[in-house]
Amino acid sequence: MPLDATARAVACRIDGRTVLSTLRSEVPLSLRETTDGLQVLASAFGPLGGDRTRLELVVEDGAHLEVGTIGSQVAQPGPHDPVSHADVDLRVAAAGWLCWRPRPLVVTAGAEHRIDLCARVDRSGTAVLVETVVLGLPGQPAGRYRSRWHVTYDGLPVLVADLDVGPGAAAGWEGPAVTGGARVLVTALLVGPQPPAGCQVQGAQVLELAGPGILLSWLGSDTVEAARVVQAFLAGVARSGADATRDRSEGPRPVGEPPSRPDGAHVRDLALGLSP
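Residues numbered from 1 in each chain as written. Predicted model: local features only at pLDDT ≥ 70, side-chain atom pairs only at ≥ 80, totals over all residues. Heavy atoms only, no water.

## Quick notes on the sheet that holds strand β5 (residues 52–59)
Consideration 1: Read across the open sheet, the 7 strands follow the order β2-β1-β5-β8-β11-β13-β14; overall the sheet is mixed. Because the sheet does not close on itself, it has two edges, and the strands there are β2 (17–24) and β14 (156–165). Strand-to-strand twist across the sheet, computed as the mean angle between neighbouring axes with direction ignored, equals 10°. (Pairing = 2+ DSSP bridges. Helix = DSSP H or I, 4+ residues; strand = E, 2+ residues; numbered from the N terminus. Axes fitted to C-alpha atoms, helices over the stretch in contact; angles between N-to-C directions.)

Next up, the structure:
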């Protein structure tokens, strides 16, 4: 039976600390507060075709929140429907800071996964958004992935992007104008009042936006290299001071500080076909 679920978290600042005032889970989305921030755990395998999920994250004035996922998701076709849907709604208030950094999503052969991401960042707020997609399991054909991002800052559009790749997408999706035959795609975006100038990451394209913001795009075939690109981007953000250095007791660890289990180790397992 297809799953239809909504999970919601609200972070606020109380007495100089970030506190999760709302934490609501619904199968298959389980929210867990950790020392590193907030983790989203998929409590059921998938997503499977026919599933529809919605994740709502709200960061109120002055709060800091880093959000990741425990393990990678593997999108697979359902018994009656190949299409799964995920909506991600992010809101960051003034002086708030949010990092949304899920583990890689793998779209297997025959599956179609659609994600709609909407991020609204108020003036003086900061959002760091990362997306890594793997088209197909090792040695198998790609699935179809459709992504729509709509990001605003202070009420004005910063990025409106639509990506459709994989079997069934418009002709040319494997051409040089789209994926160039790559099977691993990384998109990273920083939106905030002080984006670093001249940010460069080896092997990736970095575009300064008028929003203000910075958009990184990377295409390749190696999930380990994809993790390196993401880490380099986040480290550049941290060095820029876009996320002010904070004591760990005040909230989640600063972006760019290595997690307890390095992403490189995790995605190396994924590349070898091991369980996350």
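## Points about the pairing of strand β9 (residues 97–101)
Consideration 1: Most of β9 sits out of view: 5 of its 5 residues are buried.
Consideration 2: Here β9 shows two buried faces, one formed by Trp97, Cys99 and Arg101 and the other by Leu98 and Trp100.
Consideration 3: Where β9 meets strand β12 (residues 126–135), 4 bridges bridge the pair, whose relative direction is parallel. Counted as the bridge partner of Leu98 is Ala127 from β12. (Buried < 20%, exposed > 50% of the residue type's maximum accessible area, 1.4 Å probe, protein only.)

## A word on the nonpolar core
Consideration 1: Core analysis: the largest hydrophobic core is formed by 47 residues, its most contacted members being Leu90, Trp100, Leu117, Leu129, Val151 and Leu189.
Consideration 2: Discounting residues that sit within four places of it in the chain, Leu90 has contacts with Leu57, Leu98, Trp100, Leu117, Cys118, Ala119, Arg120 and Leu129.
Consideration 3: Counting residues in each nonpolar core, the second largest holds 23 residues, with Trp97, Val128, Val184 and Ala188 among its members. (Core = buried A, V, L, I, M, F, W, Y, C linked by side-chain atoms within 4.5 Å. Contact = heavy atoms within 4.5 Å.)

## Examining unusual backbone geometry
The phi angle of most residues is negative, glycine excepted, and most peptide bonds adopt the trans form.
Consideration 1: A cis geometry characterises the amide bond from Val27 onward to Pro28, with omega recorded as 15°.
Consideration 2: Positionally, Pro28 belongs in the loop between β2 and β3 (29–34).
Consideration 3: Backbone geometry at Asp15 places phi at a positive 55°, although glycine is not the residue there.
Consideration 4: Even without a glycine there, the phi angle at Ala95 is positive, about 65°.
Consideration 5: Classification of Ala95 as partly exposed rests on a relative accessible area of 41%.

None of this, on its own, says anything about what the molecule does.
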